[in-house]
Amino acid sequence: MDNKNLLMAVVASVAIILTFQLFFAPPPPPPGEIAGQSAPTGQPAPETATTPQLPSGTSSQAPALPGGAQQTPSVPSAASANAPQLPGSTGLNRERTLASVPRIKIDSKRLQGSISLIGGRFDDLQDYNETIKPDSEKIHLLEPFNGRSPYYAQFWWLSSDTEVPNGSTLWTANRTTLTPENPVTLSWENKDKVKFSQTIALDANYMFTITQRVENKGTKSATVFPFGQILRTGTPDVLDFYILHEGLVGVFDGVLAEYDYDDVQDADSKIIKKETTGGWTGITDKYWLTALIPDQKTKTQTRYTNSVEQGIDRYRVDFLAPSATVAPNAVSESTNRLFAGAKEAALVDSYLDELGIERFDLAIDWGYFAWLTKPIFKALIFFNGWIGNMGLSILFLTVLIKLAFFPLANKSYRAMSKMKELQPEMMKIRDRYKEDRAKMNQEVMGLYKREKANPASGCLPILPQIPVFFALYKVLFVTIEMRHTPFFGWIQDLSAADSLTFVNLFGLIPFTPPEFAVIGVWPVLMGLTMYFQQKLNPAPTDPTQAKIFMFLPFIFTIMLARFPSGLVIYWTWNNSLSILQQYVIMKRAGVAIGGGKVKKTAPAAAAAGSANNNDPLEASATEETEADATEAKAEPETPEATSANVSHPKPKRPNKRRRPKKKR
């Protein structure tokens, strides 16, 4: 019972670490990782330029055609409506692949890349650096449609009564470069003199606005369905991390839906269908998102599909907007959007507010503790703007969190100090009643009641710190704002593990240790603070428990070694503040620290205190004096012992023996 608070604290801490290590801890990224995923092995099959075919049946979910007809064009399968493999493209050389087709250059401060004029594909976007080096290669957000791992988006139309552009259509552009100031218009006209055009505008960040226009110059009406799709070839190597979703995502009628890649693989007919008014749909990686955003006021049909060609999976996300009938000499327009870029918190929030994109803030996986994760993130961003260092912002936020829980922590540390003060008396009770556990527990509980000690109160500060720990870990792991943010010295990325390890003598030995053996400086410091904090707590009376507790700091050091360095710095600093607070409380209470002796009290005062309070703990301040007092009570003093121990003052003159008087 005397160790209940410490055991609960350790169990809670171990549960947190083991849960993260077993279910949350991400594996090391594979070599050649780009934009959070790796290219699949193998070469995709050549893409065929198949025009979408119309179904012969009806669809109850399809928008109605004029005249009450319910026949609707089918959305192309993953194997159709794609451009052919172009001559000279090996699928291995990216630059050669990009140069093999005519393109519109994209030039902005945030995005670089190009748009293919064949099929009107967004298949070449670059932003951010792959490493912390400023001159490192840019991350490829999308990949060419005729490359090794196609990943692209495009907008077009479906129709049952007129020819529409498809994957092999060569568009005509009015400009050679797309900038935030200068939109580009792509146009194409069919043999029925129906002209299709797309005006592509780009803002200062990652949002494309596509205005699709159909102008009928012919003699008969044309019914068209605006359509958009994202195609990704190959299943990326995701982190498979419970705290983070990577895969298919969307908001449908205000509700977030998340699907893993194997969810659509296992679905009926490998299709997941949704209907929605407003919202968005797309594919998300750890830091990046590619999303189709239909007109927020129209009802659209969306799908997630999967197909396998030559052993390689292909995933398609698409939407089908309501039909529009364009009469001769008439024009029809629809506006949709494409987001392709980094999931920056302030940016996605601004799109939610300014463009009215429903729940676009959910593009960032804030998790179940979003009510705490987002405030912590915003606080760190605010402090970073004020202090200028994200690591110092974490330290400052830790101080504020400690102040918020100060009354609760004080109560806990006083309770733990009281438990440590009662430790000698509890040991006596255990020794006295070691054969009768029921009586021992009864006496221990009686001691708690007399001294008003609560063993469980020592665990109170741990409970509110658990969601804080999860929330801060979430912030450091999923937000791109924490990526490549430096602290001091060798910590140049708070979202990555501390790589400065003593295993290779901090880099002096030209040896790269295996991932599991890399234990950095900050994890070691964290283990030391945990050790010193453990010394301030009541020691386990059971020798086996004492040995287990002795190894806990070492175990935690190993388990936390591969966690983000920002989280380890937070834990180390939090432990240091806790040690300081607990040390001050124990000093004021006169409790022994680290197994030392407290200040002795005078025997007379101790005896008086024992007589007044009937408290054996106050009869002596240390275990030595306590043992003496116990021995004295067990063996009553004799007159000889008393006279031997008492010194008398020396008389001035010796007393003369008086002779008895004689009787007369």
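Structure first, text after, so check above.
What counts, and at which threshold
- Residues numbered from 1 in each chain as written.
- Predicted model: local features only at pLDDT ≥ 70, side-chain atom pairs only at ≥ 80, totals over all residues.
- Heavy atoms only, no water.
- Helix = DSSP H or I, 4+ residues; strand = E, 2+ residues; numbered from the N terminus.
- Buried < 20%, exposed > 50% of the residue type's maximum accessible area, 1.4 Å probe, protein only.
- Contact = heavy atoms within 4.5 Å.
- Areas by Shrake-Rupley, 256 points an atom, 1.4 Å probe, with all protein chains shown as cover.
- Phe/Tyr/Trp six-rings, centres within 6.5 Å; stacked < 30°, edge-to-face > 60°.
- Lys NZ or Arg CZ within 6 Å of the ring centre and 35° of its normal.
- Salt bridge = Lys/Arg side-chain N within 4 Å of Asp/Glu carboxyl O.
- Axes fitted to C-alpha atoms, helices over the stretch in contact; angles between N-to-C directions.
- Parallel < 35°, antiparallel > 145°, perpendicular 65-115°, else oblique.
- Left-handed = near helix turned anticlockwise from the far one by under 90°.
- Nonpolar A, V, L, I, M, F, W, Y, C, P; charged D, E, K, R; others polar.

## Digging into the overall build of the protein chain
Along the backbone of the protein chain there are 16 helices and 20 strands. For the protein chain, with 664 residues in total, the buried portion stands at 50%. In the protein chain, of all internal contacts separated by at least 6 residues, the share reaching a separation of at least 24 is 69%. With the model as given, the accessible surface of the protein chain reaches about 33,000 Å², and the carbon-plus-sulfur share is 57%.

## Some words on the packing of aromatic side chains
For the coordinates displayed, the defined rule picks out 30 aromatic pairs. For the ring pair Phe 339 and Tyr 351, a centre distance of 6.0 Å and an interplane angle of 75° mean the geometry is edge-to-face. Linking Phe 339 in strand β20 (residues 331–342) with Tyr 351 in helix α4 (residues 345–354), this pair joins segments that are 12 residues apart in sequence. What makes Phe 339 buried here is its relative accessible area of 0%. Seen in terms of ring centroids, Tyr 473 and Phe 477 are 6.0 Å apart; in terms of plane orientation they differ by 5°. Their pairing is stacked. Taken together, the residues Tyr 473 and Phe 477, both in helix α10 (residues 462–478) and four residues apart, mark about one turn of the helix. An aromatic cluster is present here, built from Tyr 206, Trp 280, Phe 339, Tyr 351 and Phe 360 joined pairwise through their rings. The ring centre of Phe 145 lies 4.4 Å from the NZ or CZ of Arg 121, which sits over that ring. Arg 232 extends its terminal NZ or CZ atom over the ring of Tyr 151, reaching a point 4.3 Å from the ring centre.

## Topic: the pattern of salt bridges
The tally for this structure, following the rule as stated, stands at 12 salt bridges. Its salt-bridge partner being Glu 344, residue Arg 110 comes within 2.4 Å of it at the nearest N-O pair. One end of the pair, Arg 110, is in the loop between β1 (103–107) and β2 (112–116); the other, Glu 344, is in the loop between β20 and α4, with 234 residues separating them in the sequence. Take Arg 110: its relative accessible area is 21%, and that puts it in the partly exposed class. Glu 344 sits in the buried class, given a relative accessible area of 14%. In this structure, Asp 365 engages Lys 474 in a salt bridge whose closest nitrogen and oxygen atoms are separated by 3.6 Å. Of this pair, Asp 365 sits in the loop between α4 and α5 (370–387) while Lys 474 sits in helix α10; the two residues are 109 residues apart in sequence, bridging distant segments of the chain. With relative accessibility at 5%, the residue Lys 474 sits in the buried group.

## With respect to the packing of α5 against helix α6 (residues 390–404)
Interaxial distance between α5 and α6 falls to 8 Å at its minimum, and their mutual angle equals 120°. With respect to α6, the axis of α5 lies oblique. The handedness of the crossing between α5 and α6 comes out as right-handed. Residues Ile 376, Ala 379, Leu 380, Ile 381, Phe 383, Asn 384, Trp 386 and Ile 387 of α5 form the contact with α6, whose participating residues are Met 390, Leu 392, Ser 393, Ile 394, Phe 396, Leu 397 and Leu 400. Taken together, the residues that form the contact of α5 with α6 break down as 13 nonpolar, two polar and no charged.

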